[in-house]
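Structural characterization, general
Listed below are the residues making up each chain.
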Amino acid sequence: MNAHDSGSVKVTDRRLGRRSLLKAVGATSLAASLSPVLAGTARATEETRLDAIVIGAGYAGGTVARELGAKGLRTLVLEARDRIGGRIWTGSFAGQTVDFGGGWLGPQQELAQKEVARYGIKTFYETPGDRAMMPGETGLVGTDLSTVSSRLSGLFKELFKNSESYFEHPADPLFRKDLLAAVDPLSLEDRLRQLSVSPVDLKWLNGGSAVYAGGSSSWAGLTSMAQWYQLAGGTYEGFESTMGIKPVGGMTALLTAMLADSKAMVKLNSPVSSVTEANGKVTVQVQGGGAYTAPVAVVATPANVWKSITFNPGLPKAHTQATTQGMGVPHATKIWVLVKGKVDAVYGQAPEGSPILMLVPQQQLPEGRLFVAFGGPSLDTNDKAKVQTAVQAFLPGAEVSDYRATAWHEDKYAMGGWGMRRPNQLLQLFPQIEQPHGRIVFAGADIAKGWHGAFIEGAIESGLRAAQQAATLAG
């Protein structure tokens, strides 16, 4: 196995060299599509007059840049990586366009759907598969998909019992703050221990919760996942549909259109070392030299990353707590697997602690079928034999001909996977974490009020709020 560092994400790829890898992630095509935007970076010198600086070219930063551009504000976007997207990363594997980061939209996510329509991005529904492999008393057993849906529907209803009360208005999570006091301190593991279900049912539930919690249900807050459940309509079927829609061209397609529309200057390979407010201005220092000053700066990075930036004055209490505790899942490995030959479209879910927690079928190619998997902390993605053994738990006798693993928790510009609140963070951090710190504004899916963390819907929501705040401060 060869390990490559691309965009600071640990990438394990069995056959690609450095030059092939850069080609595979679409660097050339992306640069071409953003050429009108990137052309402006040559003018982004220390002497350039700027109205706003945005740190981070993910969906939150892209939304802010687009909104500020529409108001006529001259905006510079500083991106640490050599690509846009952040925890969204569209590239190529087995000759197909794939997403190494976030990969789905949900039909209930109105802001994302509105943006897709605005830019004419085509989407398609992913087929659920032909059959399933689910936990039994020992190992995984074959199950038909209708049984999976009906059984998990009842189990999720029990797991999130009363969430329709404490999230009476799920887009406004503090609406029933009085009821949250009893549940916000609970982890998903705490809630699972309260249930009176069979050992096999518990495996079905803890596998489903662990994959969203980055491998461990003890880490993630019950209210984080319960809010998603209620935003999706309060049913298992609605919740599962949030992993159903994919944009043609990958998840970066919409962001590329938004940044091009913004007319902002985008400067890649520009990790920020410090953000200083003084005398009615904010100065942003880039590692290795270069400083930019504007009336306002928007920090649109994952909350986990704030601790790697020096803020002057220091961060407020809520922001310090968020970045110290972390709001991105502590382990997140997404694996694209090519299984040789004609293979059934098998969906699979395994109990917490398994090397692969979830397996989702993708398209059948002439040489084999693609699957996307989410690995747990116990999976060694540097060892092909171990990856194959993990896949064979779902597909007995399968031969893995190639795979590509992306370990987001080892990315120094993410410091974790998708966002998910810890116990107590909803009541302890909100709404103050949404407020500006002087002339410094914060944005990102991690701190969204509604579809927080794992969804670009939250990044767009947060970006719209931050853009309004920044425009007011820019004056």
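Conventions we followed
- Residues numbered from 1 in each chain as written.
- Predicted model: local features only at pLDDT ≥ 70, side-chain atom pairs only at ≥ 80, totals over all residues.
- Heavy atoms only, no water.
- UniProt positions renumbered as here; feature names shortened; annotations may be inferred.
- Helix = DSSP H or I, 4+ residues; strand = E, 2+ residues; numbered from the N terminus.
- pLDDT = per-residue confidence, 0-100.
- Contact = heavy atoms within 4.5 Å.
- 1 Å grid on protein atoms, 1.4 Å probe; cavity = no way out; pocket = protein on both sides within 12 Å on 5 of 7 lines; lining within 4 Å.
- Points joined across faces, edges and corners; volume = space filled by probe spheres on them.
- Nonpolar A, V, L, I, M, F, W, Y, C, P; charged D, E, K, R; others polar.
- Pairing = 2+ DSSP bridges.
- Axes fitted to C-alpha atoms, helices over the stretch in contact; angles between N-to-C directions.

On the UniProt side, "domain: Amine oxidase" (unreviewed entry) is annotated at positions that read residues 63-469 here. Helix and strand shares over residues 63-469 are 30% and 23% respectively, and the end C-alpha atoms of the span are 13 Å apart.

Looking now at the confidence of the model for the protein. Residues with a pLDDT of 70 or more make up 90% of the protein, whose mean pLDDT is 91. Confidence over residues 1-33 falls short of pLDDT 50; this stretch has 78 contacts with residues more than four positions distant or in other chains. Contacts of residues 35-43 to residues separated by more than four positions or lying in other chains number 15 contacts, the stretch itself having pLDDT below 50.

The space that makes up the largest pocket amounts to roughly 910 Å³. Lining the largest pocket are 50 residues; nearest its centre among them are Gly 86, Arg 87, Ile 88, Trp 418 and Gly 453. Elements with a minimum of two residues in the lining of the largest pocket: helix H4 (59-70), helix H10 (199-212) and helix H17 (456-474). For the lining of the largest pocket, the per-class residue count stands at 29 nonpolar, 16 polar and five charged.

Taken in spatial order, the four strands of this open sheet run S14-S13-S12-S16, and their pairing is mixed. Because the sheet does not close on itself, it has two edges, and the strands there are strand S14 (291-294) and strand S16 (310-312). If you compare each strand with its neighbour and ignore which way they point, the axes differ by 15° on average. Bridge count between strand S13 (residues 281-286) and S14: four bridges; the pairing is antiparallel. Note that in S14 the partner of Thr 283 across the bridge is Thr 293.

The next thing to look at is the sheet that holds strand S3 (residues 52-55). In space, the five strands of this open sheet follow the order S11-S4-S3-S15-S22, with parallel pairing throughout. Single-partner strands in this sheet number two, and they are strand S11 (265-267) and strand S22 (440-442). Across this sheet, the average inter-strand angle for adjacent strands is 20°, counted without regard to direction. As judged from the three bridges shared by strand S4 (residues 75-78) and S11, these two strands associate in the parallel manner. Pairing of Val 77 across the sheet is with Val 266, part of S11.

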